[in-house]
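Listed below are the residues making up each chain.
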Amino acid sequence: MTRGLTRHFTSRKQTVEAVQGLDLEIGQGELVAFLGPNGAGKSTTLRMLTTLIAPTSGSASVAGHDVVTSQRDVRRAIGFVGQGNGAGHRQLGRDELISQGRAHGLARADARRRAAELIEDLDLAAVADRKVSSLSGGQRRRLDIAMGLVHLPRVLFLDEPSTGLDPQNRANLQELIRRLHAESGSTVVLTTHYLEEADALAGRVVVVDHGRVIADDTATRLKSGLGDLVRLGFGSPGDSARAAARLERVPEARVEVDGQSVDLRVKDGSAMVGELLADLAADGVPPTRVEVARPTLDDVFLDLTGRSLRETQQSPTTDADAPSAPTESEVAA
Amino acid sequence: MSTFVTDTLNVMNRELKPVWREPMAVVFAMIQPLVFLCLFAPLLPEMADGSALQWFVPGIVAMTALMGASFTGANLMEEMQSGSHERQLVSPLGRPALLVGRALKEVVPMLMQVAIIVAVVTPFAFDLHLGGVLAAAVILSVFSIGVGALSFALALASKGEDWMFWTVQQTLLFPTLLTAGVLLPVDDAPRWLEVVSMLNPMTYVVDAVRALFAGTFPVDVVLQGVLGAGVVAALGLWVGVRAMRRSS
Ligand SMILES: Nc1ncnc2c1ncn2[C@@H]1O[C@H](COP(=O)(O)OP(=O)(O)OP(=O)(O)O)[C@@H](O)[C@H]1O
Ligand SMILES: [Mg+2]
């Protein structure tokens with residue numbers, strides 16, 4: 001749990017308010033995703049919760065221990081997979097897993113056994129006994145994740161765990177996280193840029209932007225009301241205009257025409273496509289092209305803030321002497 | 001065993017893994033001292049009290065220890081950049097152990113290098129006094145731990161900025177070597193240089209190592225050497241542990 005967590009960075013007289021008065025309560029055993037664009041403050045929040053940096057103001061406790069006053073207790077309880085590579089490049093993967101286990105107080109034999117298990121689980125058998133620097137990006141990422149799991153942490157923090165993984169391994173990772181969560185009842189807090197990932201994994205999605213929480217809900221509810229995007233292409237502008245007119249009749253749909261294509265935004269659009277196509281074909285304007293897109297982070301963002309992610313800009317405030325009102329924020333894990 | 005000891009051993013073992021696995025890297029790391037040895041040795045004047053090599057080799061040994069240990073911060077720097085330092089900071093390993101374990105590890109490559117140098121020069125005009133060499137290795141171990149700790153502290157202070165680390169390291173390295181009388185005697189140096197030399201703890205380490213390599217055991221010189229190395233170690237570990245505690 002965290003309370004009024006705030007962190008400023010000051011460089012060249014510019015104050016970046018990376019995290020501003022975060023109040024969060026995460027219960028034991030929850031699986032939570034922090035979703036937000038680059039620079040939103042996700043990593044900074046995780047770094048505070050994992051004792052790497054101290055909050056500028058506010059406080060946080062993780063697994064019942066204060067992140068400033070009981071750092072060692074926090075460290076014993078958590079696993080952390082950062083945005084970088086946790087395994088030393090000059091080391092062998094297996095050695096790093098064993099040494100991480102030993103650091104968490106496992107006996108040598110237990111550390112070995114656990115390392116072997118994780119190598120199996122993360123499909124690292126072929127590369128675990130090679131120098132880490134020779135591993136591919138995705139292999140290294142899986143090794144990082146394995147390192148965070150060695151001691152079956154009560155609270156697991158993952159900073160963009162799926163970055164650099166191919167779709168297959170992304171799915172494996174999601175499966176692994178779900179399993180770990182189900183089997184050990186660990187609390188899992190992860191960050192991601194992808195709504196689908198948050199959706200697939202987490203029961204709860206916390207959307208952050210400019211260091212603030214702008215939404216805290218289930219992915220399903222965040223997306224509801226957004227609808228899927230169905231993009232249809234036609235042979236001529238005339239056809240598309242005619243199709244658009246017909247599509248206007250779909251209840252609660254928003255229709256936009258752009259030359260030869262028509263965008264239809266509607267709830268459960270993907271389920272409706274078959275029917276739509278049949279209907280348009282019957283009307284004599286069969287689409288030549290169909291695309292269906294699920295709502296993305298960008299759509300959720302647009303919905304929440306009224307601006308698109310592309311318009312979002314970093315706005316470091318220059319008022320170095322503005323009082324940093326110590327807000328009540330609580331992040332509980 | 002206390003947590004500190006267990007943690008320190010854990011950190012040290014981890015740091016030693018690449019050393020055991022690739023011992024040749026230790027040899028490559030000493031190219032520079034070996035080149036100095038090859039280039040300078042033929043230029044050395046014959047000395048009244050025996051071969052010049054006898055005087056020069058202990059200096060090269062001390063130089064190797066200084067260089068090896070002072071470069072070692074670069075390894076930590078790499079870990080700071082990659083994220084594996086961060087991972088260790090989040091683990092329950094004690095901060096002092098993260099520094100001390102690394103510094104203690106410096107002894108191993110240093111001893112390997114001393115062994116290589118001694119093995120290389122013994123067939124030439126160099127008298128091996130094994131007892132003295134071993135005693136000198138003890139002093140050099142303490143010295144290496146200190147220099148290694150200072151190098152790690154510098155890496156931490158540089159916050160992953162390579163240029164900062166290398167600029168400071170290179171700026172300090174050669175003056176330290178020269179004023180310690182490693183390559184040339186400082187006996188006839190101007191007064192100011194003599195003072196700098198006297199303030200340089202490495203001077204005493206080099207003097208002690210020379211005496212011991214020559215098979216002599218002048219108690220005062222040896223004690224001063226132990227003290228010089230001890231001062232470096234104490235300072236290095238103190239500064240290093242402080243830097244590690246503040247690291248994030
Ligand atoms: N050490 C630092 N010094 C100065 N500014 C910093 C520092 N670390 C982070 N920031 C700033 O704080 C803000 C939040 O950064 P943070 O790394 O938490 O973002 P993020 O949400 O993790 O983004 P990403 O998705 O790119 O990883 C950014 O504007 C960043 O530039
Ligand atoms: Mg980040």
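Residues numbered from 1 in each chain as written. Chains lettered and ligands numbered in written order. Predicted model: local features only at pLDDT ≥ 70, side-chain atom pairs only at ≥ 80, totals over all residues. Heavy atoms only, no water.

Residue and element names in this part refer to chain A. Protein coordination at the magnesium ion (ligand 2): the donors are S43 (OG) and Q83 (OE1), at 1.9 to 2.3 Å from the metal. With a gap of 40 residues between them, S43 in helix 1 (residues 42-49) and Q83 in the loop between strand 6 (78-81) and helix 3 (93-103) connect regions that are remote in the sequence. Residue classification places S43 among the buried residues on the basis of a relative accessible area of 19%. Classification of Q83 as partly exposed rests on a relative accessible area of 46%. (Donors = N, O, S within 2.8 Å, 3.2 Å for Na, K, Ca; no water. Helix = DSSP H or I, 4+ residues; strand = E, 2+ residues; numbered from the N terminus. Buried < 20%, exposed > 50% of the residue type's maximum accessible area, 1.4 Å probe, protein only.)

Attention now goes to the packing of helix 3 (residues 31-40) of chain B against helix 4 (residues 52-71) of chain B. All names here are of chain B. Running from N to C, helix 3 and helix 4 point in directions that differ by 160°, and their axes come no closer than 9 Å. In terms of axis orientation, helix 3 runs roughly antiparallel to helix 4. Considering the relative orientation of helix 3 and helix 4, their crossing is right-handed. In contact with Q32, P33, F36, L37 and F40 of helix 3, helix 4 contributes F56, V57, I60, M63, T64 and M67. (Axes fitted to C-alpha atoms, helices over the stretch in contact; angles between N-to-C directions. Parallel < 35°, antiparallel > 145°, perpendicular 65-115°, else oblique. Left-handed = near helix turned anticlockwise from the far one by under 90°. Contact = heavy atoms within 4.5 Å.)

What follows covers the interface of chain B and chain A. Contacts between the two partners involve 25 residues from chain B, matched on the other side by 28 residues from chain A. When chain B packs against chain A, the two sides together hide about 2,400 Å² of surface, and 47% of this comes from carbon and sulfur. The interface formed by chain B and chain A holds 5 salt bridges in total. E96 of chain A is the salt-bridge partner of R87 of chain B, the closest N and O atoms lying 3.2 Å from each other. (Buried area = accessible area lost by both parts, 1.4 Å probe. Salt bridge = Lys/Arg side-chain N within 4 Å of Asp/Glu carboxyl O.)

This paragraph deals with the environment of W20 of chain B. Structurally, W20 of chain B can be placed in helix 1 (residues 3-21). Residue class for W20 of chain B comes out exposed when judged on its relative accessible area of 55%.

As a further point, take the sheet that holds strand 13 (residues 261-266) of chain A. Residue and element names in this part refer to chain A. The antiparallel open sheet is built from 4 strands, whose spatial order is 12-13-11-14. Only two strands of the sheet have a single partner each, and these edge strands are strand 12 (254-258) and strand 14 (289-293). Pairwise comparison of adjacent strand axes, ignoring direction, gives a mean angle of 15° for this sheet. Pairing geometry for strand 11 (residues 228-233) and strand 13, over 6 bridges, is antiparallel. Residue pairing for strand 13: L229 is matched across the bridge by R265. (Pairing = 2+ DSSP bridges.)

Our focus in this paragraph is the domain arrangement of chain A. Considered domain by domain, chain A is made up of domain 1 (31-223 + 319-332) and domain 2 (227-294). The straight-line distance from the C-alpha centre of domain 1 of chain A to that of domain 2 of chain A is 42 Å. (Domains from an automatic or database assignment.)

Here we take up the site of ligand 1. Residue and element names in this part refer to chain A. Taken together, the neighbourhood of ligand 1 is formed by 15 residues, with G39, K42, S43, T44 and H193 sitting nearest. In this structure, an oxygen atom belonging to ligand 1 sits 2.8 Å away from a side-chain N or O atom of N38. For ligand 1, an oxygen atom lies 2.7 Å from a polar atom in the side chain of S43. Contact with the protein chains hides 67% of the accessible area of ligand 1, taken as 640 Å² for the molecule alone. Element by element, the count of residues in the shell around ligand 1 is highest for helix 1, at 3 residues. Grouping the constituent residues of the shell around ligand 1 by class yields 5 nonpolar, 8 polar and 2 charged. (Near = heavy atom within 4 Å. Polar contact = N/O pair within 3.5 Å; in protein donor to acceptor, adjacent residues only side chain to side chain. Areas by Shrake-Rupley, 256 points an atom, 1.4 Å probe, with all protein chains shown as cover. Nonpolar A, V, L, I, M, F, W, Y, C, P; charged D, E, K, R; others polar.)

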